[in-house]
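# Understanding the architecture of this molecule
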Amino acid sequence: MSKNITPYKESELGKKEQVAQMFDTISGKYDRLNRIISLGNDVKWRKKVLKLVADTNPKRVLDIATGTGDLAILMAETQAIQIIGLDISEGMLEVGKQKIKERNLNSRIEMVLGDSENLPFEDNYFDAITVAFGVRNFETLEKGLAEILRVLKPGGIFVILETSVPTKFPFKQGYAIFTNGLMPIIGKIFSKDKKAYTYLSESATNFPYGEALNNILRKVGFIEVRDMPQTLGGVATIYAASK
């Protein structure tokens, strides 16, 4: 990131702790807000991530920053024998566990409380690793990516789905109006935490995207890096890489 952005600027807690606190606070409304803010496109984007992963026939899948488990639940459509969703927020995980129970997927998906920058797994363990709308919340981006590289098997696939900033008129201007003006207001109305959605807006705007993020992935050690902008000039981007 170009600057250190945290949810609660007046807090003495580190970014990691603030992010956990923020998501605990908004966990009950998060899924509904995601649908509203993305106009439902987040569902389509996750399905594209699923296809990229499913095409590699993974046996073990890790979904980092899993939140309420949407992407981990989708991964049950693969032939994977082990699916783990990891998140730093207990509140988000509890919502996810209920969704998994309702779908009778407890035997397929395990939800784990953990830190993306200190993954509790052995080297070269997972065939596929995904992160949807989570890498911009890492306290130290390169450290988190290095941990992902460590636990990914050689030849495995790593897929990121993350917000990005459109560069062409009129999408660039529309994006700025929506993220800086409307998104925090929508967040406050539905979640009663305007600061959370102000943070999500600011972090999305300032996070490296496109070739900038590709270069960070290469620097960490990933290979076969590529980016695929999505919808309306690139309000989100899917990145795929390997080891």
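Look above for the structure.
Everything quoted here is computed from the prediction, not taken from an experiment.

Here the focus is the overall build of the protein. Along its length, the protein carries nine helices and seven strands. With 243 residues in all, the protein has 56% of them scored as buried. The contacts of the protein with a sequence gap of at least 6 include a subset with a gap of at least 24, amounting to 71%. Summing over all exposed atoms, the protein offers an accessible surface of approximately 11100 Å²; the carbon and sulfur share of this is 54%.

What follows covers the pattern of salt bridges. Per the counting criterion, the structure on display carries 16 salt bridges. Of the charged contacts in the structure, one is a salt bridge between lysine 99 and aspartate 31, with a shortest N-O distance of 2.8 Å. Separated by 68 residues along the polypeptide, lysine 99 in helix H5 (residues 90-102) and aspartate 31 in helix H2 (residues 30-37) bring together distant segments of the chain. Across the pair arginine 218 and glutamate 211 runs a salt bridge whose closest N-O atoms are separated by 2.8 Å. Connected through salt bridges with shared partners, the residues Asp31, Arg35, Asp42, Arg46, Asp70 and Lys99 form a single ionic network.

What follows covers the pairing of strand E5 (residues 152-163). Counting buried positions over the 12 residues of E5 gives nine, a clear majority of the element. With six bridges joining them, strand E4 (residues 126-132) and E5 adopt parallel strand pairing. Counted as the bridge partner of valine 131 is isoleucine 160 from E5. One crossover worth recording links E4 to the parallel E5 by way of helix H6 (residues 141-151), and it is right-handed. Bridge analysis of E5 against strand E7 (residues 236-242) gives seven bridges, and the strand direction is antiparallel. Each bridged residue has a counterpart across the sheet, and for phenylalanine 158 the counterpart in E7 is alanine 241.

Attention shifts here to the environment of glycine 69. Turning to its location among the elements, glycine 69 is positioned in the loop between strand E1 (60-64) and helix H4 (70-74). On the basis of relative accessible area, glycine 69 is assigned to the buried category, the value being 0%. Sequence separation between glycine 69 and glutamine 98 is 29 residues, and the spatial gap between their C-alpha atoms is 9.7 Å. Leave out the neighbours within four places in its chain, and glycine 69 touches Gly96 and Met111.

This part covers the side chain of serine 164. As for its placement among the helices and strands, serine 164 is situated in the loop between E5 and helix H7 (171-191). The class of serine 164 is buried, set by a relative accessible area of 2%. One polar contact links serine 164 to threonine 237, side chain to side chain, over a distance of 2.8 Å.

Let us now look at the environment of lysine 99. Assessed through its relative accessible area of 10%, lysine 99 is described here as buried. For the pair lysine 99 and isoleucine 73, spaced 26 residues apart in the sequence, the C-alpha separation amounts to 8.5 Å. For lysine 99, the contacting residues outside a window of four places in its chain are Asp31, Thr68, Asp70 and Ile73. At 2.8 Å, the side chain of lysine 99 forms a polar contact with the side chain of aspartate 31.

Summed over all chains, the structure comprises four aromatic pairs. With centroids separated by 4.9 Å and ring planes inclined at 85°, the aromatic side chains of tyrosine 125 and phenylalanine 126 adopt a geometry described as edge-to-face. Take tyrosine 125: its relative accessible area is 19%, and that puts it in the buried class. Taking the relative accessible area as the measure of exposure, phenylalanine 126 reaches 0% and is therefore buried.

Analysis parameters
Residues numbered from 1 in each chain as written. Predicted model: local features only at pLDDT ≥ 70, side-chain atom pairs only at ≥ 80, totals over all residues. Heavy atoms only, no water. Helix = DSSP H or I, 4+ residues; strand = E, 2+ residues; numbered from the N terminus. Buried < 20%, exposed > 50% of the residue type's maximum accessible area, 1.4 Å probe, protein only. Contact = heavy atoms within 4.5 Å. Areas by Shrake-Rupley, 256 points an atom, 1.4 Å probe, with all protein chains shown as cover. Salt bridge = Lys/Arg side-chain N within 4 Å of Asp/Glu carboxyl O. Pairing = 2+ DSSP bridges. Right-handed = clockwise from strand over helix to strand, strands pointing away. Polar contact = N/O pair within 3.5 Å; in protein donor to acceptor, adjacent residues only side chain to side chain. Phe/Tyr/Trp six-rings, centres within 6.5 Å; stacked < 30°, edge-to-face > 60°.

No statement about biological role is implied by the geometric values presented.
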